[in-house]
Amino acid sequence: MTATPRRVTLEVVGMTCTDCEHHVTAALQQAGAEQVSADFRRGVARFTWPESAGEAGLRAAVTRAGYTPGRLRAESPGAPMTPAGDADYDLLVLGAGSAAFAAAIRGRDAGYRVALAEAGTLGGTCVNVGCVPSKALLAAGAAYWAAGHQRFAGITTATGPVDLAALVAQKDELVAALRQEKYADLVGAYGFEVIPGYAAFTGPGSVEVNGRAVRPGAVLIATGASPAAPPVPGLAEVGYLTSTTALDLKAVPARLAVIGASAVGLELGQFFLHVGSSVTFLDVADRIAPFEEPEISEALANVLRGQGATIYAGARILAVERDGDVRRIRATVDGEDVVVEADEILVATGRRPSTAGLGLEAGGVATDTRGAVVTDAQLRTANPRVWAAGDVTGAPQFVYVSAYQGALAAGNALLGEGQEADLAKLIADAGTGELLGASVVGEGAGDVIQSAVLAIRHHITAAELAATFHAYLTTAESLKLAAQGFTRDVARLSCCAA
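The model shown is predicted, which means the values in this text are computed figures rather than measured ones. (Residues numbered from 1 in each chain as written. Predicted model: local features only at pLDDT ≥ 70, side-chain atom pairs only at ≥ 80, totals over all residues. Heavy atoms only, no water.)

**Remarks on the overall build of the protein**
Tallying secondary structure elements over the protein gives 13 helices and 23 strands in all. Relative to a compact globule of 498 residues, whose C-alpha radius of gyration would be 23 Å, the protein shows 26 Å and is just as compact. When its C-alpha atoms are laid out on the principal axes, the protein stretches across 80 × 60 × 40 Å. Burial statistics for the protein: of 498 residues in total, 47% are counted as buried. Carbon and sulfur atoms make up 53% of the accessible area of the protein, which totals about 23100 Å². Side-chain charges in the protein split into 38 positive and 52 negative, and the spacing between the mean points of these groups amounts to 5 Å. (Helix = DSSP H or I, 4+ residues; strand = E, 2+ residues; numbered from the N terminus. Rg over C-alpha atoms; globule rule 2.2 N^0.38 Å. Buried < 20%, exposed > 50% of the residue type's maximum accessible area, 1.4 Å probe, protein only. Areas by Shrake-Rupley, 256 points an atom, 1.4 Å probe, with all protein chains shown as cover. Lys, Arg positive; Asp, Glu negative; His and termini not counted. Charge placed at Lys NZ, Arg CZ, Asp CG, Glu CD.)

If you want it as structure tokens, here you go:
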């Protein structure tokens, strides 16, 4: 009976750069090691060790390359769903968004066989219906608003009609380009597989994708979340927009009512306000942006009212009706009846974890009362060989959180760990990695540079800066990308992939 190749980690002393990683990788491969991944910052090389390769030969190869081999230890991720020799993939990821791609990249970097099961479009929420398209429209709306409201004496600006269909088409082109560059192109670059179709557990150790039985060593659930609507009488019958469908409107509604005044509702509501809609916000909380500090809520309310918006906080919506093309929202505010008429209603009251149809009960995976997958501190579910990451877990719904969790979960599942057109240039000490200097070019550079000043002042290393959360689609994120550039090609990262 042939023994299953072992996955091991070898400590290597003397690696100081990515070239060192290449030298160590080549040396180990020549000595018979397979699926080698070296990391100079951690001072280790991970590889699959076949029985045909002797330990002495592996150590000698590293020594000949100019480095010092240290402790060799086996990686023990636990009992797999399927024995390694029989598994189709070491890791099967359900989903293909930021968490999924970060996990796939992490797994392939460590030399494992990875596949993603996706029934929809690559890229998930962020690039398709979230950060990228919304920010593209917000920037356009802000430019249109600024052109129509002169701030400086002697400077005349003017605006014409808004061609929303043309703007949406431009947005769609941007989304398609980024989806190709930051997701589709990475599939071949990293060598993982995408299996089209719906995935569902058929048992605690088995998964079916579009009718095909797949035998995974481990599974990561990264199916994200989707817009949710409150159970308001008449709302479903009348029809409403979500944060997804609102991005595809072809004409600016004359009157827009927004139910829900947190981040998504406020952003999209202000966009339509900027391009000419009469916008009314309604929220059940006693102030808009209720999860922010009170002073922030007040400031936002003042800005929106100054731009012409109507705000009803503490609104209890009783029903929604339709009379021809007119939609009516009946509510009570401070004990008084209020009727809001609108041509379109945008519902932005939150997102629900996308777990329907996954067969979680059959897979032995538990969910909470909101439908989110329950995980422990290592992102492991009730099934010891199934992990979950990103919006499906009920974690804060930020793309960089999802990407971080995806990489973390993949590391835990496969390696048994528990860690892990602006311009920014960083200078770091070659030996210690400590940041020595920084330059930033781009909008907001004067604000962003302060983060670099603090990093240098407090002796932060490039690795530490790269591991720090940076808000996505901001100039500040360029500092993280620059820091990541010391150890890898950032052009080969998905959006926010760690």
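**Looking at the pattern of salt bridges**
Evaluation of the coordinates by the stated rule reveals 13 salt bridges. Notably, a salt bridge pairs arginine 71 with glutamate 11, separated by 3.2 Å at the nearest N-O pair. A residue pair is termed long-range when its members are at least 10 positions apart, and arginine 71 in strand S4 (residues 68-74) and glutamate 11 in strand S1 (residues 6-13) qualify at 60 residues. Overall, arginine 71 belongs to the partly exposed group, its relative accessible area being 49%. The exposure class of glutamate 11 is partly exposed, given its relative accessible area of 27%. Between arginine 328 and glutamate 341 there is a salt bridge whose closest N-O contact spans 2.7 Å. Separated by 13 residues along the polypeptide, arginine 328 in strand S17 (residues 326-333) and glutamate 341 in strand S18 (residues 336-342) bring together distant segments of the chain. (Salt bridge = Lys/Arg side-chain N within 4 Å of Asp/Glu carboxyl O.)

**A short note on the packing of aromatic side chains**
Under the defined criterion, the tally for this structure stands at 3 aromatic pairs. Where phenylalanine 101 meets tyrosine 183, the ring centres are 4.8 Å apart and the plane angle is 80°; that geometry is what we call edge-to-face. Of this pair, phenylalanine 101 sits in helix H3 (residues 98-109) while tyrosine 183 is found in helix H6 (residues 164-190), placing the two residues 82 residues apart along the sequence. Using a relative accessible area of 0% as the deciding quantity, one classes phenylalanine 101 as buried. One aromatic cluster in this structure is built from Phe101, Tyr183 and Phe192. (Phe/Tyr/Trp six-rings, centres within 6.5 Å; stacked < 30°, edge-to-face > 60°.)

**Focus: the sheet that holds strand S16 (residues 315-323)**
To summarise the sheet geometry, strands pair through backbone hydrogen bonds and adopt either a parallel or an antiparallel arrangement. Spatial ordering of the open sheet is given by S16-S17-S18, a layout of 3 strands whose pairing is antiparallel. The outermost strands of the open sheet, each flanked by one partner alone, are S16 and S18. Averaged over all pairs of adjacent strands, the angle between their axes in this sheet comes to 20°, without regard to strand direction. Here S17 runs beside S18; their pairing, made up of 7 bridges, is antiparallel. In the sheet register, arginine 330 faces S18, and the bridge partner there is valine 339. (Pairing = 2+ DSSP bridges. Axes fitted to C-alpha atoms, helices over the stretch in contact; angles between N-to-C directions.)

**Looking at the nonpolar core**
Grouped together as the largest cluster of nonpolar side chains are 34 residues, with contacts concentrated most on Leu91, Val93, Phe101, Leu116, Phe192 and Leu220. Discounting chain neighbours no more than four positions away, the residues touching phenylalanine 192 are Phe101, Ala104, Arg108, Val114, Leu116, Leu186 and Val187. Among the nonpolar cores identified, the runner-up in size contains 27 residues, and Ala246, Leu249, Leu268 and Val275 belong to it. (Core = buried A, V, L, I, M, F, W, Y, C linked by side-chain atoms within 4.5 Å. Contact = heavy atoms within 4.5 Å.)

**Observations regarding the packing of helix H5 (residues 131-148) against H6**
With their axes 9 Å apart at the nearest point, H5 and H6 run at an angle of 140° to one another. Taken as axis vectors, H5 and H6 run oblique relative to one another. As H5 runs across H6, the sense of the crossing is right-handed. Together, Val132, Pro133, Ala136, Leu137 and Ala140 of H5 and Leu167, Lys171, Leu174, Val175 and Leu178 of H6 make up the contact between the two elements. Considering only residue class, the contact of H5 with H6 consists of 9 nonpolar, no polar and 1 charged. (Parallel < 35°, antiparallel > 145°, perpendicular 65-115°, else oblique. Left-handed = near helix turned anticlockwise from the far one by under 90°. Nonpolar A, V, L, I, M, F, W, Y, C, P; charged D, E, K, R; others polar.)

**Comments concerning the side chain of aspartate 391**
Locating aspartate 391 in the fold gives a position in the loop between strand S21 (386-388) and helix H10 (399-415). In this structure, aspartate 391 is buried with no salt-bridge partner, the nearest side chain bearing the opposite charge being arginine 351 at 4.6 Å. Within the structure, the side chain of aspartate 391 is placed 3.4 Å from the side chain of serine 402, a separation counted as a polar contact. Apart from residues no more than four positions distant in its own chain, aspartate 391 is found in contact with Gly224, Ala225, Pro353, Pro396, Gln397, Phe398 and Ser402. (Polar contact = N/O pair within 3.5 Å; in protein donor to acceptor, adjacent residues only side chain to side chain.)

**Considerations on the environment of alanine 153**
The residue alanine 153 is located in the loop between H5 and H6 in this model. Sequence-wise, alanine 153 and alanine 413 are 260 residues apart; in three dimensions their C-alpha atoms are separated by 62 Å.

**Structural notes on the confidence of the model for the protein**
Averaged over every residue, the pLDDT of the protein is 88; the share at 70 or more is 93%. This stretch, residues 76-80, has a pLDDT under 50; its non-local contacts, to residues over four places away or in other chains, come to 8 contacts. (pLDDT = per-residue confidence, 0-100.)

**Overview of the sheet that holds strand S15 (residues 310-313)**
In spatial order, the strands read S15-S14-S13-S19; together these 4 strands make up an open sheet with parallel pairing. A strand with exactly one partner marks an edge of an open sheet, and here the two such strands are S15 and strand S19 (344-347). Between one strand axis and the next, the sheet turns by 15° as a mean value, whatever way the strands run. Bridge count between strand S13 (residues 255-259) and S19: 4 bridges; the pairing is parallel. The residue of S19 that forms the bridge with valine 258 is leucine 346. Together, S13, strand S14 (278-283) and S19 form the strand contacts of helix H8 (residues 263-274), whose direction differs from that of S14 by roughly 165°.

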